[in-house]
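Take a look at the letters that make up each chain.
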Amino acid sequence: MDPLGRRLTTITGIASIVFTVGTALHAFVIVDDHTLTRMMVLANADPAAAEQFLTVFRAVGCLYIVANALGVLAFRPAPPRWLLPAVLVTNVTQAAGVFMVPPQMWQAAVEHFGPVGTLPSAITDGGAFVLAAAITVTIVRARKKPAQRS
C-alpha cells in the first residue's frame, strides 16, 4: 500500500486532474489580454506591461499544469516515492496563488466572464489548500508511533 492510503491516493489523483484542467483554464482562457489589461487599469499599473506579464504568468501556469498532471501517477498501484513530496509542494504553493494574484484580477475576471471567471482559480487554489492539508495530516498521523495513537 502507498504511504497515503488508497482513499487519499485516489482523491489525490482526481484532484490532480481537476487542478490541471483548472490551471489551464485560468492561465489560457480566463487570464487573456482583455482581462489582464483591465486588471492593470484597475491596479493603476501600466497596461502596456500586460503582454509581458501575461507571458510570465502563462509560463508559470505551464509549470503548474505539468506539476499537477504528475499527480495522476497516484493512480498507479505503487506510486513513485517522490510523488508525495512533489504533490505536497505543488499544492502548498498553488494554494498561495489566492494571495499572489492581485485582487484586481478577480474584479477584471468577473467583469469579463461573470462570477464563473473566478471558478477555475478558486477551485484550483482552494482545492490545493484542502489537499495539502489532508496530505499533511496524513503524514503527521502516519509518523506517530502506534502506542501514541489514541
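The structure this text deals with has already been given above.
Criteria and thresholds
- Residues numbered from 1 in each chain as written.
- Predicted model: local features only at pLDDT ≥ 70, side-chain atom pairs only at ≥ 80, totals over all residues.
- Heavy atoms only, no water.
- Helix = DSSP H or I, 4+ residues; strand = E, 2+ residues; numbered from the N terminus.
- Buried < 20%, exposed > 50% of the residue type's maximum accessible area, 1.4 Å probe, protein only.
- Contact = heavy atoms within 4.5 Å.
- Lys, Arg positive; Asp, Glu negative; His and termini not counted.
- Charge placed at Lys NZ, Arg CZ, Asp CG, Glu CD.
- Expected span 1.5 Å × (residues − 1).
- Axes fitted to C-alpha atoms, helices over the stretch in contact; angles between N-to-C directions.
- Parallel < 35°, antiparallel > 145°, perpendicular 65-115°, else oblique.
- Nonpolar A, V, L, I, M, F, W, Y, C, P; charged D, E, K, R; others polar.
- Phe/Tyr/Trp six-rings, centres within 6.5 Å; stacked < 30°, edge-to-face > 60°.
- Salt bridge = Lys/Arg side-chain N within 4 Å of Asp/Glu carboxyl O.

When its secondary structure is counted, the protein shows seven helices and zero strands. When its helices and strands are written in sequence order, the protein yields α-α-α-α-α-α-α. Structurally, the protein occupies a C-alpha span of about 60 × 30 × 25 Å along its principal axes. In the protein, buried positions account for 37% of the 150 residues. Excluding contacts between residues fewer than 6 apart, the proportion of contacts in the protein whose partners are at least 24 apart in sequence is 76%. Side chains of the protein give 11 positive and 7 negative charges; the mean places of these two sets differ by 29 Å.

Below, the discussion takes up helix H7 (residues 119-143). End to end, H7 covers 35 Å across 25 residues, agreeing with the expected 36 Å (1.5 Å per residue, within 8%). Against helix H1 (6-30), helix H4 (83-95), helix H5 (97-100) and helix H6 (103-113) lie the buried residues of H7.

All right, on to the packing of H1 against helix H3 (residues 50-70) then. Interaxial distance between H1 and H3 falls to 8 Å at its minimum, and their mutual angle equals 170°. Between H1 and H3, the interaxial angle falls into the category roughly antiparallel. Contacts from Ser16, Phe19, Thr20, Thr23, Ala24, His26, Ala27 and Phe28 of H1 reach H3 at Phe57, Arg58, Gly61, Cys62, Tyr64, Ile65, Asn68 and Ala69. Its residues assigned to classes, the contact of H1 with H3 shows nine nonpolar, six polar and one charged.

Its place among the elements puts valine 72 in the loop between H3 and H4. C-alpha of valine 72 to C-alpha of threonine 12: the two residues are 60 residues apart in sequence and 7.5 Å apart in space. Beyond its immediate chain neighbours, meaning those up to four positions away, valine 72 contacts Gly13, Ser16 and Ile17.

To continue, consider the packing of aromatic side chains. Across all of its chains, the model carries one aromatic pair by this definition. Seen from their ring centres, phenylalanine 53 and phenylalanine 57 are 6.2 Å apart, and the 15° between their planes marks the pair as stacked. Within this pair, phenylalanine 53 and its partner phenylalanine 57 are both found in helix H3, separated by four residues, close to a single helical turn. By relative accessible area, phenylalanine 57 is classed as buried at 19%.

Going through the model one piece at a time under the given rule, you end up with one salt bridge. The residue glutamate 111 makes a salt bridge to arginine 38 at a minimum N-O spacing of 2.6 Å. Placement of glutamate 111 in helix H6 and of arginine 38 in helix H2 (residues 33-42) is noted, with a sequence separation of 73 residues between them. The class of glutamate 111 is partly exposed, set by a relative accessible area of 42%.

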